[in-house]
Amino acid sequence: MLTRQERAPIVPEEESNTKWRIVVNEDWCKGCGFCYTFCPREVLEKSDKFNTKGYYPPVATNIDRCVGCGLCEALCPDFAIHVEENEEHSKRGGK
Amino acid sequence: MTVTTRSSSDYRHPILEYIRQDRLPHIFCSACGIGTVLQAFANALRSLNFDMDRLVVISGIGCTGRASGYFESDSYHTTHGRAIAFATGVKVANPNLKPVVISGDGDLFAIGGNHFIHAARRNVDMLVLCVNNFNYGMTGGQMGPTTPDSAITVTSPDGNIEHPFNLVSVAAASGAVFVARWTALHARRLTKSLEKALQKKGFKFIEVVSPCPTLYDRYNRHGSGLDVMKRYREISVIRNFTDPMKAEIDYRTRIVCGEFVDTEKPEFTDLLASQAAELQKR
C-alpha cells in the first residue's frame, strides 16, 4: 500500500523561458564576489553551497531581471561566468 | 533552474579560443585584477577579430609577468625588466608582427625603466599594458617605484618616504602616442581603449590600477579585493584628455582615469625601413 508521501502529486518543474541564461563554471570560480556585487540589475547572489575549493560561486536568483549586459562576464577575473542567449526563448517567440 | 553549471570539459566561454584553456584556472589570487585585464584584452582581440598569427604577447617577471603564458599566441616570458627590449627586437626583426607587452609596474618601471622611456622616445610600434598594484606582489609585497607616500609594505613598515612615479605622466613625457589609465573596475572602457590602441601605430601605453588583496591592500588595511573595487567605484573620475601631469592617483582622494594622449608620430621601424631603402639606392 502506498503511503501518503508516495502518493503526493507530481508537480512539473517550472520551465524557465527567459531570454538570457547565465552559465557559471563552479570549478574555476574563486569567489571574489565581483559579479554579484556589481550586477546593475541584482540578478546574481552569493550561493549557499561552496565549490570544491571552498569558495562560494554566484547563483542567478533573479534571472527574469537580466538584460544580458554582460558586466559579470567582463569583470570576472577567472573566466568562470558568461551570459548566453537562450535559444528556446526565441524559438517559442518570447519577447 | 536558470543557472547552468557545467564541468570544465564542456564549458564554452566566448573568449576561450584566445586563452590556453589547459592552463586554467590561473595562478592569480581571488579578487586580483590581473584576470580582469586578461579578460579585457581577450575581449578586445575578439571584437577586432585579431589575427593571432601576428600577435606576440611578451611579459617580464612578476604576477602580471605570468600573463604571456595564458594566451593562445606566440609569447615570450622574458628576463626581469627586459620585456620591452624583447618587444623592440621582435618588431625590428619582423615589422609585420604586433608585439604586446603585458607586465607589472615593478618590472616595467623599476628594473625596466630605461627600456620603457627609450622605447617610448623611439616610438617603436608596441602596446604596453601595465597592471599597477603599487608593490612587488610575487616576491612578497616589497615597495616599488609606484608605492604611494606613507603606504605600508614589507620593506617600508613605517610608511613609504619615497615619491612615486605617475606612470601616465612618465609615458606622455617620454613620447608615447597613446596614453590611458583605467582601473580593473572599468573593464568595458579598458576593452575599448585596447581596441583603439591595437589599431594604432606607435608606442601605446595603458595603465590599469588593480587591487592586490593578498599583500598591498592587506598591509594598508584596505579590506578585501571586493572592498577595493567598491572604493574604486567611489573615487575614480573620468577626465579624458586632461594633462597627464595632473592625473592624480591617490587611494584616499581620487583616481583620475581616461585616455590622456592620442597623437600621431612617425614610427621607428617605418623610418628604419625608409632609411635602409634610401641607402640602398646610393
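Cut-off values and rules
Residues numbered from 1 in each chain as written. Chains lettered and ligands numbered in written order. Predicted model: local features only at pLDDT ≥ 70, side-chain atom pairs only at ≥ 80, totals over all residues. Helix = DSSP H or I, 4+ residues; strand = E, 2+ residues; numbered from the N terminus. Buried ≥ 20, exposed ≤ 12 C-beta atoms within 10 Å, placed from the backbone. Contact = placed C-beta atoms within 7 Å. Rg over C-alpha atoms; globule rule 2.2 N^0.38 Å. Nonpolar A, V, L, I, M, F, W, Y, C, P; charged D, E, K, R; others polar. Arc of directions from axis to C-beta. pLDDT = per-residue confidence, 0-100. Core = buried A, V, L, I, M, F, W, Y, C linked by C-beta atoms within 7 Å. Pairing = 2+ DSSP bridges. Axes fitted to C-alpha atoms, helices over the stretch in contact; angles between N-to-C directions.

(A) The overall build of chain A, seen in detail. Of regular secondary structure, chain A possesses 3 helices and 4 strands. Out of the 95 residues belonging to chain A, those deemed buried represent 39%. Taking as baseline every contact in chain A between residues at least 6 positions apart, the subset at least 24 positions apart corresponds to 64%.

(B) Region of the structure containing the overall build of chain B. In terms of regular secondary structure, chain B is built from 9 helices and 9 strands. Taking 19 Å as the expected radius of gyration for a compact globule of 282 residues, we find that chain B reaches 19 Å, a close match to that expectation. When its C-alpha atoms are laid out on the principal axes, chain B stretches across 65 × 50 × 35 Å. Counting over 282 residues, chain B shows a buried share of 51%. Long-range contacts, defined as pairs at least 24 residues apart, comprise 67% of the intrachain contacts of chain B with a sequence gap of at least 6.

(C) Expanded view of the interface of chain B and chain A. Taken residue by residue, the interface counts 30 residues in chain B and 27 residues in chain A. Contributing elements (two or more residues each) for the side of chain B that touches chain A: β1 (3-5), α1 (34-48), α6 (187-199) and α8 (225-235) of chain B. For the side of chain B that touches chain A, the element with the most residues is α1 of chain B, which contributes 5 residues. A breakdown of the residues in the side of chain B that touches chain A according to their chemical character gives 15 nonpolar, 13 polar and 2 charged.

(D) Quick peek at helix α4 (residues 113-122) of chain B. Residue and element names in this part refer to chain B. Burial in α4 covers these residues: His-115, Phe-116, Ala-119 and Ala-120. For α4, the arc enclosing every buried residue in end-on projection is 125°, short of the 170-degree limit, so these residues lie on one face. Check the buried side of α4 and you find it contacts α2 (83-93), α3 (105-111), β5 (126-132), α5 (167-174) and β7 (203-209).

(E) Up close: the confidence of the model for chain A. In the predicted model, chain A carries a mean pLDDT of 82, and the fraction of residues at 70 or more is 77%. Within chain A, the element-level pLDDT minimum falls on helix α3 (residues 87-91) of chain A, averaging 72, and the maximum on helix α1 (residues 34-38) of chain A, averaging 93.

(F) Up close: the nonpolar core. Residues and elements named next belong to chain B. Core analysis: the largest hydrophobic core is formed by 102 residues, its most contacted members being Val-100, Val-101 and Leu-129. The element best represented in this core is α1, accounting for 8 residues. Not counting residues within four places of it along the chain, the set of residues in contact with Val-100 comprises Leu-55, Val-56, Val-57, Ile-58, Met-126, Leu-127 and Leu-129.

(G) Seen up close, the confidence of the model for chain B. On average, residues of chain B score 91 in pLDDT, and 97% of them are at 70 or above. The ipTM assigned to the predicted complex is 0.85, against a pTM of 0.91.

(H) View of the sheet that holds strand β6 (residues 178-183) of chain B. Residues and elements named next belong to chain B. The strand order across the open sheet built from 8 strands is β3-β2-β4-β5-β7-β6-β9-β8, with neighbouring strands paired in mixed fashion. Sheet topology places β3 (74-77) and β8 (236-238) at the edges, where each strand pairs with a single neighbour. Across the sheet, the axes of successive neighbouring strands diverge by a mean angle of 20°, strand direction being ignored. Where β6 lies against β7, 6 bridges are found, and the strand directions are parallel. Among the inter-strand pairings, Trp-182 is bridged to a residue of β7, identified as Val-208. This element, α5, spans β5, β6, β7 and β9 (255-262) of the sheet and lies at about 170° to β6.

(I) Up close: the environment of Leu-44 of chain A. Residues and elements named next belong to chain A. Within the secondary structure layout, Leu-44 lies in strand β2 (residues 44-46). Separated by 13 residues in sequence, Leu-44 and Pro-57 place their C-alpha atoms 9.9 Å apart. In this structure, Leu-44 is in contact with Cys-35, Tyr-36, Cys-39, Pro-58, Val-59, Ala-60 and Cys-72, ignoring residues within four places of it in sequence.

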